[in-house]
Amino acid sequence: MWRRLVSSHFKSLTALSPSSHSRSASPALRFAAAAAAAPSSASFINRHVSTQSGGKVKLRVEDVMPIATGHEREEIQADLEGRNILEINHPEGPFGTKEAPAIVKSVYDRRIVGCPGGEGEDEHDVVWFWLEKGKPYECPVCSQCFKLEVVGAGGDPYEHGHH
Amino acid sequence: MIESQRHSYHLVDPSPWPISGSLGALATTVGGVMYMHSFQGGATLLSLGLLFILYTMFVWWRDVLRESTLEGHHTKVVQLGPRYGSIPFIVSEVMFLFAFFRASSHSSLAPTVEIGGIWPPKGIEVLDPREIPFLNTPILLSSGAAVTWAHHAILAGKEKRAVYALVATVSLALVFTGFQGMEYYQAPFTILDSIYGSTFFLATGFHGFHVIIGTLFLIICGIRQYLGHLTKEHHVGFEAAAWYWHFVDVVRLFLFVSIYWWGGI
């Protein structure tokens, strides 16, 4: 029982570290978006049932946890689809220039972004700023360019506090 | 929805239970002191306070169940909280009981002249460890095995068997408590009988209290399992109960060896 508990969390931890390592190893762009970057367990469920013919049957949330509801259900659903709900908080890409700015996705019309600079020697202390829709921003230290892409409902993040 | 929440955590809604628990604790402590100093109304206040605390526990944890099982707020990261939080809690309980073990060994390893320079003290008729204690220890151990059986059943998705296993666990626990009660009743010495009586009853008494708490926790788990709350992916409450139960079990083993067996020689 103990082993199962421990290994299942090791699984989520090791799944987590490759992704964070790959983030820093990726060519250049190093900018960090600052919403609560949850240490979400990437792919903690790896469920694909193999049929005899070798094909894979896609599982539904009901097959994994029938009574799942709310946020838990969404989490399982996203995991089965192979997508990371919180990937919007970990943008990756090459160093942003004026012609090809670094794209930061956002649910609202503006969000806080932090620029850590370029690769290796070009790193600097994180510079935080508000990135607004329609207003591309240039980092005052390393001149990396950022642009907001609204993927959600838009609006001001502080309007309509949560219910 | 998590999409609108943008994070996997659970920001709890405002709740009256923390303040109600605090008020209950206030009533308990003040009432307790009043009672102990024979003030009028002390006993009433004390019992009201205890009842209020119990009520708070009931409604607070009911809210937790509602938020987790019925509303789905307990995502993977949220589950880590209670899971890894129950470990320090159990450790704190170990520390608490350790104090009583230390008290016992402090007095028994170098018995003072007042008790005859021997342990058990002169005149104390100790319980024979080969009688009820020797029966009760394996009873508790088997209930520990039963709770492991229940866990495996839950993990395997065998919901009915898990209920049976939990019923077995609780039954054994209740038998244990019954026998302990009987033993207390029949004991030839009381808590007032020298340091031996004090340490014996405090150590075994608090252990028994923890057994009762653990039994209650397991009963709740049994009810939840019956209602279908626990799934093989997600049963943090059950795991916490099982860990607590194993801790109770281990303490019993230490108790048996150090207080019943060694302490009686």
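Residues numbered from 1 in each chain as written. Chains lettered and ligands numbered in written order. Predicted model: local features only at pLDDT ≥ 70, side-chain atom pairs only at ≥ 80, totals over all residues. Heavy atoms only, no water.

Of the regular secondary structure elements, chain A holds three helices and eight strands. Taken from the N to the C terminus, the helices and strands of chain A come in the order α-β-β-β-α-α-β-β-β-β-β. Relative to its full complement of 163 residues, chain A shows a buried share of 36%. Contacts in chain A between residues at least 24 apart in sequence constitute 57% of all its contacts with a sequence separation of at least 6. For chain A, the accessible area works out to roughly 9700 Å², and carbon and sulfur atoms hold 54% of it. (Helix = DSSP H or I, 4+ residues; strand = E, 2+ residues; numbered from the N terminus. Buried < 20%, exposed > 50% of the residue type's maximum accessible area, 1.4 Å probe, protein only. Contact = heavy atoms within 4.5 Å. Areas by Shrake-Rupley, 256 points an atom, 1.4 Å probe, with all protein chains shown as cover.)

As a further point, take the confidence of the model for chain B. In this model, chain B carries an average pLDDT of 93, and 98% of its residues clear a pLDDT of 70 or more. Scored as a whole, the predicted complex attains pTM 0.81, and scored at its interfaces, ipTM 0.80. (pLDDT = per-residue confidence, 0-100.)

Time to look at the pairing of strand β8 (residues 145–150) of chain A. All names here are of chain A. Here strand β4 (residues 102–106) runs beside β8; their pairing, made up of five bridges, is parallel. Pairing of Ile103 across the sheet is with Lys147, part of β8. Bridge analysis of strand β7 (residues 137–138) against β8 gives two bridges, and the strand direction is antiparallel. Bridge assignment links Glu138 to a residue of β8, and that residue is Cys145. (Pairing = 2+ DSSP bridges.)

Residues B:Ile19, B:Leu23, B:Leu26, B:Val30, B:Phe52 and B:Tyr55 make up a contiguous nonpolar surface patch of roughly 560 Å² in combined accessible area. No other element matches helix α2 (residues 17–36) of chain B, which puts four residues into the nonpolar patch. (Patch = residues over 30% accessible without salt bridge, like charges linked within 9 Å, V, L, I, M, F, W, Y side chains within 5 Å. Salt bridge = Lys/Arg side-chain N within 4 Å of Asp/Glu carboxyl O.)

All names here are of chain B. Enumeration over the complete set of coordinates arrives at 21 aromatic pairs over all chains. Ring geometry for Tyr196 versus Phe200: centroids 6.1 Å apart, planes at 15°, classification stacked. Here Phe200 and Tyr196 lie together in helix α7 (residues 194–227), a separation of four residues that amounts to about one turn. Residue classification places Phe200 among the buried residues on the basis of a relative accessible area of 2%. Summarising the aromatic geometry, the rings of Phe200 and Tyr260 are spaced 5.3 Å apart at their centres and angled 80° between planes, so their arrangement reads as edge-to-face. Of this pair, Phe200 sits in helix α7 while Tyr260 is found in helix α8 (residues 236–261), placing the two residues 60 residues apart along the sequence. There is no split in this pair, since Phe200 and Tyr260 are both buried. Each member of the aromatic cluster is reached from another via a ring pair, and the members are Trp119, Phe134, Tyr184, Phe189, Tyr196, Phe200, Phe201, Phe256, Tyr260 and Trp261. (Phe/Tyr/Trp six-rings, centres within 6.5 Å; stacked < 30°, edge-to-face > 60°.)

Applying the stated criterion across every chain, the model contains ten salt bridges over all chains. Its salt-bridge partner being A:Glu81, residue A:Arg83 comes within 2.9 Å of it at the nearest N-O pair. On the accessibility criterion, A:Arg83 (39% relative accessible area) is partly exposed. Note on A:Glu81: relative accessible area 41%, which makes it partly exposed. Measuring nitrogen to oxygen at the nearest pair gives 3.1 Å for the salt bridge that ties B:Asp128 to B:Arg130.

Once that is clear, we can look at the sheet that holds β8(A). Paired through backbone hydrogen bonds, the strands of a sheet run either parallel or antiparallel to each other. Sheet architecture is open: three strands sit in the order β4-β8-β7 (chain A), paired in mixed fashion. The open sheet has two edge strands, β4 and β7 of chain A, and neither has a second partner.

A word on the packing of α7(B) against α8(B). Residue and element names in this part refer to chain B. Closest axis-to-axis distance for the α7/α8 pair is 9 Å, and the angle between their directions is 160°. Relative to α8, the element α7 lies roughly antiparallel. The crossing of α7 and α8 is left-handed. (Axes fitted to C-alpha atoms, helices over the stretch in contact; angles between N-to-C directions. Parallel < 35°, antiparallel > 145°, perpendicular 65-115°, else oblique. Left-handed = near helix turned anticlockwise from the far one by under 90°.)

Moving on: the environment of B:Leu227. Examined against the element boundaries, B:Leu227 turns out to sit in helix α7. Put simply, B:Leu227 and B:Val163 are 64 residues apart on the chain and 9.8 Å apart in space, counted from C-alpha to C-alpha.

This brings us to the nonpolar core. Residues and elements named next belong to chain B. By size, the foremost hydrophobic cluster in this structure holds 43 residues, and its most contacted members are Phe189, Phe200, Leu218, Phe238, Trp245, Phe247 and Val248. Contributing elements (two or more residues each) for this core: α4 (76–109), α5 (132–155), α6 (159–186), α7 and α8. Per-element accounting of this core gives the leading share, 13 residues, to α8. (Core = buried A, V, L, I, M, F, W, Y, C linked by side-chain atoms within 4.5 Å.)

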